[in-house]
Amino acid sequence: MTGAAPRMARALALAGLFALGLVLAGCAGLEPARQAQAPTPQAAPGFDDMMTPAQRREHERLVASYGGAYNDPKLQAEVQQIVTRLVAASERPDQKYRVTILNSPAINAFALPNGSLYVTRGLLALASDNAEIASVLAHEMAHVIANHAATREDQMKQAVLVSRVISDVVNDPDLGALALAKSRISLASFSRAQELEADAIGVGISARAGFDPYGAERFLTTMGKQASLKTASTMGQTGSGEQADFLATHPATPERISIVMANAREYASPNKPGERDRGEYLGAIDGLVYGDDPKEGFIRGRRFFHPKLGFTFSAPEGFALENTSQAVLGASASGREALRLDAVRVPGDQSLAQYLSSGWIEGVEVSSVESLVLNGFPAATAVARGDQWSFRMFAIRFGSDVYRLIFAARELTPELDQSFRAAAETFRRVSIEEAENVKPLRIRIVTAGITDTPEKMAAKMDTQDKALERFLILNGLDRGDKLVYGEQYKIVAE
């Protein structure tokens, strides 16, 4: 999250995009871009020596954009041994792979043409056994084996060239950036034929490695349920383009699920499917950080808390929040109200009232600009109006940064405006004691007792909403399923 915000006007003129979190296109983030952590030893022997400088830079950029590498030697060893088995059973056992676990709650996995594999801790938390993870990793390996990733990389280079030409010819960097953004969207997914080919190759690799080939069907089904839950919770908001979920590029359509089922039947009967290694896998993810990492800011219900930067605020009643790499986004259940919090640098000799009036957003009502103090911090507020949305904006000087808290509404009534003001007044500094006491949520493995039910297990979850739905999805269960006495299950707790 780097850069300034000089080109905001045109972006905010497209006010309808605000609820999707796609406005404020050049803004700085809540803090400087994170540096990639050095991953724990996880590459095949000689892998780093085979990387070109460009490949190493791309690896470092990807790791940094996903919060760094997640350091858990036990989990890393589990994932690596899965990859080792898959490589030996693949069509190219000579291909070397590096697998990096990314410190991100996003549900994603991808591969670079050179064999660099990436999987987020969010995806690992969602899986329930080694066979499901093997299906994901084998699918990504299949893209490398079939040369899909290299083809897409060539297309992306062409898209970057086109965007530069547009920028140079029309002397409009915004238009060039828009062209590149559209190209990225079109290239975000492989073609349908490539996806189905990778599915078929991946299922075969998993089966030959001894894993249950039906893991792909189970995991696609679970991800579909997770996607539905997220859509219901966030009203279709999207986060960072770089952290789009796996399902954005790997849709779990009924047709695709039926095809992977058919692929699996070629290798094993549903009655004798192969290894799942559920207990081994659950042991490896016990204690895995779940959701936002408190070091990078996290959400608890309507509250956003950033112990590292030292502030917190609470959204209006009825809002759901999402923490992305660019900003904190929020929206109401109706989708008619939204918010965004990000940070910029504003010269110390420029007042915040002047900043709000400086033209970075169109439609500002100059008469509405007001200087104020919020919990001891200099601030300013103003109203801006567009064709479809109206905005109540706050600029708050906190340390060396200025935080912009922007509320959007289809209809900015006095009552709604007052609720926005009340939410802004919750922005405050957190104490050292508060920051030190923050603990991340983690996956905890518990054993079902004889009287345990999904409802009882869900009651132990520290999640703020939809605990039963989250428990069922995390454990690959359907409503009405009963727990098995003595079986292990995942819950989310501190």
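Residues numbered from 1 in each chain as written. Predicted model: local features only at pLDDT ≥ 70, side-chain atom pairs only at ≥ 80, totals over all residues. Heavy atoms only, no water.

Regarding the overall build of the chain
Using the following cut-off: Secondary structure elements are defined from DSSP: runs of H or I of at least 4 residues count as helices, runs of E of at least 2 residues count as strands, and each element is numbered from the N terminus. The cut-offs for exposure are 20% and 50% of the maximum accessible area for each residue type, with area from a 1.4 Å probe on protein chains only; residues under the lower value are buried, those over the upper are exposed, and the others partly exposed. Only heavy atoms enter the contact rule, under which two residues are in contact if any of them lie within 4.5 Å. Residue exposure ignores everything except the shown protein chains as possible cover, and the areas themselves are Shrake-Rupley values with a 1.4 Å probe.
Across its full length, the chain holds 18 helices and 17 strands. Across the 494 residues that make up the chain, the buried fraction comes to 54%. Pairs at least 24 apart in sequence give 68% of the contacts found in the chain among residues at least 6 apart. Total accessible area on the chain is roughly 21,700 Å²; 53% of this is exposed by carbon and sulfur atoms.

Overview of empty space enclosed by the protein
What counts is decided by this rule: In this analysis, the protein atoms alone were mapped onto a 1 Å grid. Cavities are point sets where a 1.4 Å probe fits without being able to get out; pockets are open sets with protein on both sides within 12 Å along at least five of seven lines; lining residues have an atom within 4 Å of a point. Grid points are joined across faces, edges and corners, and a volume is the space filled by probe spheres set on the points. Amino acids are sorted into nonpolar (Ala, Val, Leu, Ile, Met, Phe, Trp, Tyr, Cys and Pro), charged (Asp, Glu, Lys and Arg) and polar (every other residue, Gly among them).
Applying the stated rule across the entire model yields 1 cavity of 30 Å³ or more. In this structure, the largest cavity occupies an estimated 140 Å³ of space. S135, V136, H139, D199 and A216 are, among the 15 residues lining the largest cavity, the residues nearest its centre. With 5 residues, the top contributor of residues to the lining of the largest cavity is helix α9 (residues 192-208). Grouping the constituent residues of the lining of the largest cavity by class yields 9 nonpolar, 4 polar and 2 charged.

Some thoughts on helix α4 (residues 73-89)
Quick reminder of the rule: Expected span of a helix: the number of residues minus one, times 1.5 Å.
In this model α4 runs 24 Å from its N-terminal to its C-terminal C-alpha over 17 residues, within 8% of the 24 Å that 1.5 Å per residue would give. Every buried residue belonging to α4 is among L75, Q76, E78, V79, I82, V83, L86, V87 and A89, and all of these are buried.

Focus on the pattern of salt bridges
Using the following cut-off: Salt bridge, as used here: a side-chain nitrogen of Lys or Arg that lies within 4 Å of a carboxyl oxygen of Asp or Glu.
Scanning all chains against the criterion turns up 21 salt bridges. Three or more residues joined by partner-sharing salt bridges are found here, namely D129, E132, D212, R218 and R276.

Structural notes on unusual backbone geometry
If you check the backbone angles, D277 has positive phi at about 55° while not being a glycine. Looking at where D277 falls in the secondary structure, it is placed in the loop between α12 (254-265) and α13 (278-285). Residue N375 is not a glycine yet carries a positive backbone phi of 50°. Checked against the element boundaries, N375 lands in the loop between β11 (370-374) and β12 (377-385). A relative accessible area of 47% means that N375 is categorised as partly exposed.

Considerations on the side chain of T312
Here T312 is to be found in strand β7 (residues 311-314). The exposure class assigned to T312 is buried, which follows from its relative accessible area of 2%. In this view, T312 contacts R303, F304, F305, T426, F427, R428 and V430; residues no more than four positions away in its chain are not counted.

Describing the sheet that holds β11
Quick reminder of the rule: Strand pairing follows a simple DSSP-based rule, namely that at least 2 bridges must link the two strands. Fitted lines through C-alpha atoms serve as axes, helices being fitted only where they are in contact, and the angles separating the N-to-C directions of these axes extend from 0 to 180 degrees.
Sheet architecture is open: 7 strands sit in the order β8-β9-β10-β14-β13-β12-β11, paired in antiparallel fashion. Each end of this open sheet is capped by a strand with a single partner; those strands are β8 (319-323) and β11. Put simply, the sheet's adjacent strands are angled 20° from each other on average, direction ignored. Across 9 bridges, the pairing between strand β13 (residues 390-398) and strand β14 (residues 401-409) is antiparallel. By the bridge assignment, R397 is partnered in β14 with V402.

A short note on the environment of S351
Note that S351 resides in the loop between β10 (337-344) and α14 (352-356). On a C-alpha basis, the gap between S351 and R397 in space is 9.8 Å, while along the polypeptide they are 46 residues apart.

Description of the environment of I101
Structurally, I101 is set in strand β1 (residues 98-102). On a C-alpha basis, the gap between I101 and L117 in space is 8.7 Å, while along the polypeptide they are 16 residues apart. Setting aside anything within four residues of it in sequence, one finds I101 in contact with G68, A69, Y70, L75, Q76, V79, V119, R121 and L124.

Comments concerning the side chain of D292
Going by this rule: Whenever a nitrogen or oxygen atom comes within 3.5 Å of another N or O atom, the pair is scored as a polar contact, on the condition that within protein one atom can donate a hydrogen and the other can accept it, and that pairs from neighbouring residues in sequence are kept only if both atoms are in side chains.
Topologically, D292 is positioned in the loop between β4 (289-290) and β5 (298-300). Within the local environment of D292, its side chain forms a polar contact with the backbone nitrogen of I299, the two atoms lying 3.5 Å apart. Excluding residues that lie within four positions of it along the chain, D292 makes contacts with P105, R121, G297, F298, I299 and N323.

Brief notes about helix α15 (residues 414-424)
Rule in force here: The arc in question is the one spanned by the directions pointing from the helix axis to the C-beta atoms.
Residues of α15 that are buried: L416, D417, F420, A423 and A424. Here the buried residues of α15 occupy an arc of 120° about the axis, which is enough to place them on one side. Turned more than 90 degrees away from the buried face of α15 sit P414 and E415, all of them exposed. Its buried side turned inward, α15 meets β7, β8, β10, β11, β13 and β14.

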